[in-house]
Amino acid sequence: MRTKIAKDAMLRRGVLAMALILLLAGPALAWNDKGHMVVAELAYRHLTPQQRQALVEILKQHPHWAEFLNADRPQNVPEDQWALWRAATWPDWVKHHHEQFSKPHWHYVNLPFVPPGSTENAQNHEPVGENILTALPLSIEKARGATGQEKAMYLCWVLHLMGDIHQPLHCADLVCAEFPKGDHGGEDSLYRLSGRRIIKLHSFWDDLLGTADTKTSIERGADEAQQAVDANRAEITRELQTNPTIESWARESFALATTYAYDGGRVIPAVAERHRQASVAPDLPEPYAKQAGLVARVCVGKAGERLAFVLEQIVP
């Protein structure tokens, strides 16, 4: 599997190089709450009014429908649209409000990335236990077959995990001498941008679509992601057709993480728990932030299309 992932990394470089050339320049915008809401919005646009309403009827059975899924809805946002947006963020919200519903290991899979020159053996770091590769198929199965509150909660997990699996650093873990136990998808990695700004790698990628969660911002984010996909529609369509499985989506994200998030392993980050000074964190290449924003839009665009397909299996 690891050999195939390494080959995919090379293929993704070519695929996205064309996309980066074709896209318009703009601020680096992507998978905090806004990122997940943008993925849900893109899927929402693919669904029929009947499918949208069917999903809302499922979500109305959720134990947190009144408290969260339907709470604080702006007057200019329809109920079905708002419910899907909020449902996509529920698995993160419960971490802080109803911890008994939280499943922290479901959001990612730590596929080991051993950079060039490292003597670490990737096979010694294969993921074990629960992760997104086990949680997402379970959630889809339950969202299709369960009833009542259980069905509603698993639908939220489907909406959320379809976004997470398309965030490159939710599917990769840097393993080398500096990080013998991995960097936890960039959580423990520090870099310096533009010679001065210190970033924690995972948080930087999570926030690439921005943080504003107004209707205008979410819909604009969806428009930008759609533009990113449409700019290279033929190649993206081929990817959607040739990578139809959950594992293949994770391989895509892993390839993008190794090529773009970790910059091919050419620059090893500082260890966050030991260093926080700008003088210690290594510099990332000048175009890094711009490239990351463009890659993120492509990832979110594909996530929205795949999510729509999955939702159509739940509410035909």
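Whatever comes next refers back to the structure up there.
Residues numbered from 1 in each chain as written. Predicted model: local features only at pLDDT ≥ 70, side-chain atom pairs only at ≥ 80, totals over all residues. Heavy atoms only, no water.

Q: Talk me through the overall build of the protein; I want residue IDs and the actual numbers.
A: Looking only at helices and strands, the protein has 13 helices and five strands in total. The buried share of the protein, reckoned over its 316 residues, is 56%. (Helix = DSSP H or I, 4+ residues; strand = E, 2+ residues; numbered from the N terminus. Buried < 20%, exposed > 50% of the residue type's maximum accessible area, 1.4 Å probe, protein only.)

Q: With reference to specific residues and values, describe the sheet that holds strand E3 (residues 189-193).
A: Pairing is antiparallel across the open sheet formed by three strands, whose spatial order is E4-E3-E5. Here the strands that pair on one side only, and so sit at the sheet edges, are strand E4 (197-200) and strand E5 (270-271). (Pairing = 2+ DSSP bridges.)

Q: Tell me about the side chain of histidine 62, and name the residues and values.
A: Looking at the element boundaries, histidine 62 is found in the loop between helix H3 (49-59) and helix H4 (65-69). Classification of histidine 62 as buried rests on a relative accessible area of 4%. Once you skip the residues sitting within four places of it in the chain, histidine 62 turns out to touch Leu69, Trp90, Ala152, Met153 and Cys156. (Contact = heavy atoms within 4.5 Å.)

Q: Just give me the short version of the packing of helix H6 (residues 90-97) against helix H8 (residues 148-164), but keep the residues and values in it.
A: Closest axis-to-axis distance for the H6/H8 pair is 8 Å, and the angle between their directions is 115°. Between H6 and H8, the crossing angle belongs to the class labelled roughly perpendicular. Every residue of H8 that contacts H6 at Trp90, Pro91 and Asp92 is listed here: Met153, Cys156, Trp157 and His160. A class-by-class count of the residues in the contact of H6 with H8 yields five nonpolar, one polar and one charged. (Axes fitted to C-alpha atoms, helices over the stretch in contact; angles between N-to-C directions. Parallel < 35°, antiparallel > 145°, perpendicular 65-115°, else oblique. Nonpolar A, V, L, I, M, F, W, Y, C, P; charged D, E, K, R; others polar.)

Q: Run through the nonpolar core, naming residues and quoting values.
A: Side chains of nonpolar character tend, in soluble globular proteins, to be buried together. Leu59, Trp90, Leu136, Trp205, Tyr288, Leu311 and Ile314 are the most contacted members of the largest nonpolar core, which has 86 residues in total. Of the residues forming this core, the biggest block, twelve residues, is contributed by helix H13 (residues 288-314). Filtering out sequence-adjacent residues up to four positions away, tryptophan 90 remains in contact with His62, His64, Phe68, Leu69, Phe101, Met153, Cys156 and Trp157. (Core = buried A, V, L, I, M, F, W, Y, C linked by side-chain atoms within 4.5 Å.)

Q: Tell me about the pattern of salt bridges, residues and numbers included.
A: Pairs can form between side chains of opposite charge whenever their charged atoms are close. Per the stated rule, a full pass over the model turns up 18 salt bridges. Residue glutamate 41 is joined to arginine 45 by a salt bridge in which the shortest nitrogen-to-oxygen separation is 2.8 Å. Of this pair, glutamate 41 and arginine 45 both sit in helix H2 (residues 33-46), four residues apart, roughly one helical turn. Looking at arginine 45, the relative accessible area reads 35%, which means it is partly exposed. The salt bridge involving lysine 60 is made with glutamate 79; its shortest N-O contact spans 3.6 Å. Of this pair, lysine 60 sits in the loop between H3 and H4 while glutamate 79 sits in helix H5 (residues 79-87), and the two are 19 residues apart along the sequence. On the basis of relative accessible area, glutamate 79 is assigned to the partly exposed category, the value being 25%. Beyond isolated ion pairs, a larger network of salt bridges with shared partners links Glu239, Glu252, Lys302 and Arg306. (Salt bridge = Lys/Arg side-chain N within 4 Å of Asp/Glu carboxyl O.)

Q: Describe the side chain of serine 189, naming the residues involved and giving the relevant values.
A: With respect to the helices and strands, serine 189 occurs in strand E3. Serine 189 sits in the buried class, given a relative accessible area of 0%. A distance of 2.7 Å separates the side chain of serine 189 from the side chain of aspartate 183, its partner in a polar contact. In this view, serine 189 contacts Phe179, Asp183, Ile199, Lys200, Leu201, Pro269, Ala270 and Ala272; residues no more than four positions away in its chain are not counted. (Polar contact = N/O pair within 3.5 Å; in protein donor to acceptor, adjacent residues only side chain to side chain.)

Q: Provide a residue-level description of helix H7 (residues 132-145), including the pertinent values.
A: Here H7 spans 19 Å end to end across 14 residues, near enough to the 20 Å set by a 1.5 Å rise per residue. Residues of H7 that are buried include every one of Ile132, Ala135, Leu136, Ser139, Ile140 and Ala143, and no others. The buried residues of H7 occupy one face: seen down the axis, they fall within an arc of 130°. Residues of H7 that are exposed and point more than 90 degrees away from the buried face comprise Glu141, Arg144 and Gly145. The N-capping residue of H7, defined by a side-chain oxygen 2.8 Å from the backbone nitrogen of leucine 133, is asparagine 131. (Expected span 1.5 Å × (residues − 1). Arc of directions from axis to C-beta.)

Q: Can you explain the environment of histidine 36? Please cite residues and give values.
A: Take histidine 36: it is sitting in helix H2. The sequence separation of histidine 36 and leucine 161 amounts to 125 residues, and the corresponding C-alpha distance is 9.1 Å. At 3.4 Å, the side chain of histidine 36 and the backbone oxygen of histidine 160 are in polar contact.

Q: Quick one: what's the story with the packing of aromatic side chains, residue by residue and with numbers?
A: All told, the structure shown has eight aromatic pairs when counted by the stated rule. The cationic tip of arginine 86 hangs over the ring face of phenylalanine 68; the distance from NZ or CZ to the ring centre is 4.1 Å. The residue whose ring lies beneath lysine 103 is tryptophan 106, and the NZ or CZ to ring-centre distance is 5.0 Å. (Phe/Tyr/Trp six-rings, centres within 6.5 Å; stacked < 30°, edge-to-face > 60°. Lys NZ or Arg CZ within 6 Å of the ring centre and 35° of its normal.)

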